[in-house]
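Single-letter residue listing:
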Amino acid sequence: MVSGKLTNMSTSSSTPQVVTRFAPSPTGYLHIGGGRTALFNWLFARANGGKFLLRIEDTDRERSTPEATAAILRGLTWLGLDWDGEVVSQWDRRARHAEIAHQMLARGTAYKCFSTQEEIAAFRTQAEASGASYAVFQSPWRGADPSSYPNAPYVIRMLAPRTGETLIEDQVQGRVVIKNETLDDMIVLRSDLSPTYMLAVVVDDHDMGVTHVIRGDDHLNNAARQQMVYTAMDWAVPVWAHIPLIHGPDGKKLSKRHGATGVEEYQAMGYPAAGMRNYLTRLGWAHGDMEIFATDQAVEFFDLKGIGKAPARLDFKKLENTCGHHLSMMENAALLHELDGYLVAAGVVALTSGQKDLLSRGLYCVKDRAKTFPDLIEKAHFMLISRPIVADEPAAKALDPVSRGILKSLTPQLQTVSWTKEEIEPILNQFVAQNGLSFGKLAGPIRAALAGRSTTPSVFDMMLVIGRDETIARLTEASA
RNA sequence: GGCCCGUUCGUCUAUCGGUUAGGACACCUGGUUUUCAACCAGGUAAGAGGGGUUCGACUCCCCUACGGGCUGCCA
């Protein structure tokens, strides 16, 4: 499933093609912020007829798990973000990373450093003790004569410029200038010959032909160091776009205490994927006043210019509202199919084929009013239950003796009417008129009888959906 | 500590030197009504603070405050 091989993805030189990538580390589920980063990359690639690649950054062997990779792929799939080509494993490419590190050595843009971790720690504590609040580590091996090299383990460090500044032309953040003196000679190859992230990410992005790096702005500072690697190798620097992170409702970085942080949790809560995509797209990106849009519209209009600079907070009310629009826009077949996925994700029992049949007949009267799948199921309750109907408390109150009497005298009149709204409606209107009732006095008990609930879709719709026989049976049962 | 980024209604945002600062969610009021939702009409609500630049700043510059990030042989 995950491969370190690279199929020929570099673009032919004549037609420069947009290539984006999402590169999560497999240490847990797909975070909602990661999901949005992936979404932006996907949208940008699709908007430009380019490719969206996926790479798993699994060089941290301690924390990377295959389960996490699987969870991330599931989350992306649920969000509808399809990637091009094979999933690349960064770990599988470690030989290539080491090769580049040695090329840097040969080019004189990197050097061997024999300082031990203890020596580095000592350097820092000493720097702090001597007043300096913090100091970037300066390796004594920088510029050392190779004849003085001991026979000991070493790391390969980038020979970073100590003066001047590095310019990041960021499509979201604008022009960012970082003084080189604040950057250290970062390690590119560890003493166990494994690559560090800073090296691997550049080598992989280059080899994969990535043209646009769209990622969280927690990487903005890293971009400067990574750009040095591109320069050291004479590689073309990609277009940078560092997008702000998502925050919780309180403005703090989104974390578990805010509730759901995993994409799959949102599936389990019953948000439709299209609504989730719409909401996440609008979170930090805007195209004028456009709020509700289908995914192909988002693809049509998405651009880097529309991305905002400030972190956005998650707003569940707006998420729900957006999802409500999408639920009502969805085709029945697609909706039913996704409903199945929700039931599995939520660990709820699947629907019987009988229930599905009724649902597809009656979806029209519930999908406009539901915001999430559990919401939809509650509103479709009358379609999913079978007799005897159990009334909840408010419904039971609506079935007092007087109301039962009303239902009892109504029922015979439904026996012969043709079963359309046009025919049923006059019968009920006539009935309330003859008995000096308000329509509400009749509708309440009907709701209770048919659905066992006090809030339901229109009584006409319910009658139509479950049919004459079932309607009469439920009314009879309730009025007994 | 140092460096980097950010700051428009409660929230998501529009605005790209001249607007009664617009839209959406949420909230409130009224209408419709068969409950809920929806819908229609209306309403409350914003440029963090302070200095500049300018005829004129939400918009450009500086400072402060607040929030976030980076500062690893993590990614």
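Up top is the structure these notes are about.
Residues numbered from 1 in each chain as written. Chains lettered and ligands numbered in written order. Predicted model: local features only at pLDDT ≥ 70, side-chain atom pairs only at ≥ 80, totals over all residues. Heavy atoms only, no water.

Caption draft 1: Structural context of the environment of Glu264. Counting through the fold element by element, Glu264 comes out in helix 7 (residues 263-268). For the pair Glu264 and Arg74, spaced 190 residues apart in sequence, the C-alpha separation works out to 7.9 Å. Filtering out sequence-adjacent residues up to four positions away, Glu264 remains in contact with Ala71, Arg74 and Gly75. (Helix = DSSP H or I, 4+ residues; strand = E, 2+ residues; numbered from the N terminus. Contact = heavy atoms within 4.5 Å.)

Caption draft 2: Structural view of the side chain of Arg215. Mapped onto the secondary structure, Arg215 falls in strand 10 (residues 212-216). A distance of 3.4 Å separates a polar atom in the side chain of Arg215 from a polar atom in the side chain of Gln226. Other than its neighbours up to four places away in sequence, Arg215 contacts Arg21, Thr37, Tyr197, Val201, Ala223, Gln226, Trp240, Ala241, His242 and Ile243. (Polar contact = N/O pair within 3.5 Å; in protein donor to acceptor, adjacent residues only side chain to side chain.)

Caption draft 3: Just helix 12 (residues 353-362), in detail. Restricting attention to buried positions, one finds in helix 12 the residues Gln355, Leu358, Leu359 and Gly362. Taken around the axis of helix 12, the buried residues stretch over an arc of 105 degrees, which confines them to a single face. Packed against the buried residues of helix 12 are helix 11 (332-346), helix 14 (381-384) and helix 19 (459-466). (Buried < 20%, exposed > 50% of the residue type's maximum accessible area, 1.4 Å probe, protein only. Arc of directions from axis to C-beta.)

Caption draft 4: Highlighting the packing of helix 16 (residues 401-410) against helix 20 (residues 468-479). The interhelical angle for the contact between helix 16 and helix 20, taken along N-to-C directions, is 145 degrees, at an axis separation of 8 Å. Here the hand of the crossing between helix 16 and helix 20 comes out left-handed. Contacts from Arg404, Leu407 and Lys408 of helix 16 reach helix 20 at Leu475, Ala478 and Ser479. Taken together, the residues of the contact of helix 16 with helix 20 sort by class into three nonpolar, one polar and two charged. (Axes fitted to C-alpha atoms, helices over the stretch in contact; angles between N-to-C directions. Left-handed = near helix turned anticlockwise from the far one by under 90°. Nonpolar A, V, L, I, M, F, W, Y, C, P; charged D, E, K, R; others polar.)

Caption draft 5: Spotlight on empty space enclosed by the protein. Evaluation of the coordinates by the stated rule reveals two cavities of 30 Å³ or more. For the largest cavity, the full set of lining residues is Leu39, Trp42, Leu43, Arg277, Asn278, Thr281, Phe293, Thr295 and Ala298. Looking at the lining of the largest cavity, the elements with two or more residues in it are helix 1 (32-47), helix 8 (273-282) and helix 9 (295-301). Taken together, the residues that form the lining of the largest cavity break down as five nonpolar, three polar and one charged. Approximately 30 Å³ is the volume attributed to the second largest cavity. Taken together, Glu378, Lys379, His381, Phe382, Ala451, Arg453, Thr455, Thr456 and Pro457 form the lining of the second largest cavity. Mapped onto the lining of the second largest cavity, the elements with two or more residues apiece are helix 13 (373-379) and helix 14. Residue classes in the lining of the second largest cavity are distributed as three nonpolar, three polar and three charged. (1 Å grid on protein atoms, 1.4 Å probe; cavity = no way out; pocket = protein on both sides within 12 Å on 5 of 7 lines; lining within 4 Å. Points joined across faces, edges and corners; volume = space filled by probe spheres on them.)

Caption draft 6: The nonpolar core, seen in detail. Of all hydrophobic cores here, the largest spans 49 residues; its most connected members are Leu339, Leu359, Leu414 and Leu428. Among the elements that take part in this core, helix 18 (residues 439-451) stands out by supplying seven residues, more than any other. Contacts of Leu414, omitting those with residues within four sequence positions, involve Trp419, Ile427, Leu428, Met463, Arg468, Ile472 and Leu475. By size, the runner-up hydrophobic cluster in this structure holds 48 residues, among which are Phe40, Tyr266, Leu304 and Leu319. (Core = buried A, V, L, I, M, F, W, Y, C linked by side-chain atoms within 4.5 Å.)

Caption draft 7: Structural context of the sheet that holds strand 9 (residues 187-189). Pairing is antiparallel in the open sheet, where three strands are placed in the order 5-6-9. Both outer strands of the open sheet, strand 5 (110-113) and strand 9, are each paired with one neighbouring strand and no more. The average undirected angle you get between the axes of adjacent strands in this sheet is 45 degrees. Sheet analysis places strand 5 next to strand 6 (residues 155-158), joined by four bridges and oriented antiparallel. Residue pairing in the sheet places Cys113 in a bridge with Val155 of strand 6. (Pairing = 2+ DSSP bridges.)

Caption draft 8: Just the packing of aromatic side chains, in detail. In the structure shown here, the tally under the stated rule is 13 aromatic pairs. Note on Phe114 and Trp141: the rings are 5.0 Å apart at their centroids and 65 degrees apart in plane angle, and the pair reads as edge-to-face. In this pair, Phe114 sits in the loop between strand 5 and helix 4 (117-129) while Trp141 sits in the loop between helix 4 and strand 6, placing the two residues 27 residues apart along the sequence. Per residue, the accessibility class of Phe114 equals that of Trp141, and both read buried. When the ring of Phe439 is compared with that of Phe460, the centres are 5.9 Å apart and the planes differ by 35 degrees; the resulting orientation is tilted. Highlighted residues: Phe439 in helix 18 and Phe460 in helix 19, separated in sequence by 21 residues. Residue class for Phe439 comes out partly exposed when judged on its relative accessible area of 28%. Its relative accessible area of 8% is what places Phe460 among the buried residues. Here the basic side chain of Arg94 rests over the ring of Trp91, its NZ or CZ set 4.0 Å away from the ring centre. (Phe/Tyr/Trp six-rings, centres within 6.5 Å; stacked < 30°, edge-to-face > 60°. Lys NZ or Arg CZ within 6 Å of the ring centre and 35° of its normal.)

Caption draft 9: Representation of the pairing of strand 3 (residues 51-56) within the structure. Taken across its six residues, strand 3 has five buried, putting it largely inside the fold. Summarising the sheet, strand 2 (residues 19-22) and strand 3 pair through four bridges and their orientation is parallel. Counterpart to Thr20 in the pairing with strand 3 is Phe52. One crossover worth recording links strand 2 to the parallel strand 3 by way of helix 1, and it is right-handed. In this structure, strand 3 lies alongside strand 4 (residues 87-89), joined through two bridges in parallel fashion. Paired with Arg55 across the strands is Val88, a residue of strand 4. For the crossover that starts at strand 3, traverses helix 2 (residues 66-79) and ends in the parallel strand 4, the hand is right-handed. (Right-handed = clockwise from strand over helix to strand, strands pointing away.)

Caption draft 10: How the structure looks around the layout of surface pockets. Volume-wise, the largest pocket comes out at about 1,100 Å³. Taken together, 37 residues make up the lining of the largest pocket; nearest its centre are Pro24, Ser25, Gly34, Asp218 and His219. Listing elements by their share of the lining of the largest pocket, those giving two or more residues are strand 2, helix 1, helix 5 (197-207) and strand 10. The element best represented in the lining of the largest pocket is helix 1, accounting for four residues. Taken together, the residues of the lining of the largest pocket break down into 14 nonpolar, 13 polar and 10 charged. When its volume is computed, the second largest pocket comes out at roughly 390 Å³. Along the wall of the second largest pocket there are 18 residues; nearest its centre are Ser115, Gln117, Ile120, Val155 and Ile187.

All quantities given are derived from atomic positions and should not be read as evidence of function.
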